[in-house]
Amino acid sequence: MLAILHPDTPLDSDAYRHTLQFLENLPGVSVRVHEIQGAQQKLTEVYLLGDTKSLDKDEIAALPAVERVIRISDDYRILGRHRDDRRQTGFTYNGVHFDQDNLNVFAGLCAVDTPEHVEIMMRALAEHHQPCTRMGAYKPRTNPYSFQGHGKGCLPYVFEIAGKHGIRVIAMEITHESHIEEIDECLEKLGRPTGVMLQVGTRNTQNFELLKAIGRQKDYPVLLKRGFGITLNESLNAAEYLASEGNANVIFCLRGMKTEAGQPHRNMVDFAHVPTVKRLTRMPVCIDPSHSVGTRERAPDGIPEVMHATAQGVIAGANMVLVDFHPKPEKALVDGPQALVMDELPAYLEDVAQCHELWKKRRTLYQA
């Protein structure tokens, strides 16, 4: 069962204390409190876990701090919608809002290689008024001899350049809980010139101890990629691991399914699941067309196949796009063949914007 408190309820108020005292004394029930910072208000949700079937929903709804009560299913207890369209679906981090209605583009380097390339990329994003990017410092690789990222050595110049160009959020994959501390210490030392969204790669979607560690911290939101060759339900439960530890600021990323049936693309594009994830959960949904398609080749119509895949996801309602760009893809240390070039950035961003506007028009059509 879930008790949603009135927006902006002070945690030191008599109404809150009376409500929590009552709930914490319910027999056979444990209480877990989650706070969600939205664009204009803070929402507090109180989860009642255990034997809740016999609880009187109306009695709990009558408590002074409670706005409404929802009976929740076992699946995705925290991140699920539970057939309640009034539940908040987003969060604001470092001045950038993420929800199931808006759209943010994270174009950037799959793997950081040189300060020069980071500078070129971020300067171009700033010129196009883009506050977000992707920059890989820690890179898990299938081949142990492949480049695995510069790690904490590149963090200072990545963060400083981001601050210089007004980049607010950097999606950065981590592979070990120690990386959270490295990122946090570097940001603190530099005066926090930017923000970081911790990314969980497809190889770590079922690394449950890592998920728990990331979920225990609430400073940084999380981008969780769908796992290699596992069901959608299994990947959504991985996201629930994060939320169950306290961090519900999670974005779910579709990045293509690993199967030979997807050839000649790198993975089978799975962007038809964008509206499905939004129906089942409150998470904003990201698409990663670069790792789905795996090439910058153009179709006969002159449009890159990566953009065609992007359009599929955005027109279906995607809320975030994670896409590879590189000033010199031939010199990229990771995934150069799939990175788009800087000259393609203006058209790509305009195309994404047009697709998002089309999604809005489609939504209006069906709401009517």
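Above this text you will find the structure in question.
Rules and cut-offs
- Residues numbered from 1 in each chain as written.
- Predicted model: local features only at pLDDT ≥ 70, side-chain atom pairs only at ≥ 80, totals over all residues.
- Heavy atoms only, no water.
- Helix = DSSP H or I, 4+ residues; strand = E, 2+ residues; numbered from the N terminus.
- Rg over C-alpha atoms; globule rule 2.2 N^0.38 Å.
- Contact = heavy atoms within 4.5 Å.
- Areas by Shrake-Rupley, 256 points an atom, 1.4 Å probe, with all protein chains shown as cover.
- Lys, Arg positive; Asp, Glu negative; His and termini not counted.
- Charge placed at Lys NZ, Arg CZ, Asp CG, Glu CD.
- Pairing = 2+ DSSP bridges.
- Axes fitted to C-alpha atoms, helices over the stretch in contact; angles between N-to-C directions.
- Phe/Tyr/Trp six-rings, centres within 6.5 Å; stacked < 30°, edge-to-face > 60°.
- Buried < 20%, exposed > 50% of the residue type's maximum accessible area, 1.4 Å probe, protein only.
- Core = buried A, V, L, I, M, F, W, Y, C linked by side-chain atoms within 4.5 Å.

1. Quick look at the overall build of the protein chain
Turning to step 1, where the next piece is worked out: When you go through the protein chain residue by residue, the secondary structure sums to 11 helices and 14 strands.
Turning to step 2, where the next piece is worked out: The C-alpha atoms of the protein chain give a radius of gyration of 21 Å, which matches the 21 Å a tight globule of 368 residues would have.
Turning to step 3, where the next piece is worked out: Once the C-alpha set of the protein chain is aligned to its principal axes, its extents read approximately 65 × 50 × 35 Å.
Turning to step 4, where the next piece is worked out: Contacts in the protein chain between residues at least 24 apart in sequence constitute 70% of all its contacts with a sequence separation of at least 6.
Turning to step 5, where the next piece is worked out: Split by element, the accessible area of the protein chain, about 16300 Å² in all, is 48% carbon and sulfur.
Turning to step 6, where the next piece is worked out: Each charge sign in the protein chain was given a centre, from 41 positive and 48 negative side chains, and these centres are 2 Å apart.

2. Comments concerning the sheet that holds strand S7 (residues 104–108)
Turning to step 1, where the next piece is worked out: Read from one edge to the other, the open sheet built from eight strands follows the order S7-S14-S13-S12-S11-S10-S9-S8, with strand pairing classed as parallel. On the outer flanks of this sheet lie S7 and strand S8 (132–134), each paired with one strand and no other. Pairwise comparison of adjacent strand axes, ignoring direction, gives a mean angle of 25° for this sheet.
Turning to step 2, where the next piece is worked out: For strand S9 (residues 169–173) and strand S10 (residues 195–200), the ladder comprises five bridges, and the chain directions are parallel. Residue pairing across strands places glutamate 173 opposite glutamine 199, the latter belonging to S10.

3. Structural notes on the environment of alanine 126
Turning to step 1, where the next piece is worked out: Assignment of secondary structure puts alanine 126 in helix H3 (residues 115–127).
Turning to step 2, where the next piece is worked out: Residues alanine 126 and histidine 165 lie 39 residues apart in sequence; the distance between their C-alpha atoms is 5.9 Å.

4. Considerations on the packing of aromatic side chains
Turning to step 1, where the next piece is worked out: Under the defined criterion, the tally for this structure stands at four aromatic pairs.
Turning to step 2, where the next piece is worked out: A centroid spacing of 5.6 Å and a plane angle of 80° characterise the contact between phenylalanine 325 and tyrosine 348, whose relative ring orientation is edge-to-face. Here the residue phenylalanine 325 occupies a position in the loop between strand S14 (320–324) and helix H11 (345–367), and tyrosine 348 occupies one in helix H11, the gap between them amounting to 23 residues. Of the two residues, phenylalanine 325 and tyrosine 348, both sit in the buried class.

5. Description of the pairing of strand S3 (residues 42–50)
Turning to step 1, where the next piece is worked out: Counting buried positions along S3 yields seven of nine residues, so the element is predominantly enclosed.
Turning to step 2, where the next piece is worked out: Summarising the sheet, strand S1 (residues 2–5) and S3 pair through three bridges and their orientation is antiparallel. Note on S3: the bridge partner recorded for isoleucine 4 is glutamate 45.

6. A few points about the nonpolar core
Turning to step 1, where the next piece is worked out: Core analysis: the biggest nonpolar cluster contains 96 residues, and Met135, Val158, Phe159, Met172 and Ile183 have the highest contact counts within it.
Turning to step 2, where the next piece is worked out: Aside from chain neighbours lying at most four places away, what touches methionine 172 is Met135, Ala137, Leu155, Val158, Phe159, Ile183, Val196, Met197, Leu198 and Gln199.
Turning to step 3, where the next piece is worked out: Judged by nonpolar contacts, the second largest core, of 16 residues, contains Tyr16, Val46, Leu63 and Val69.

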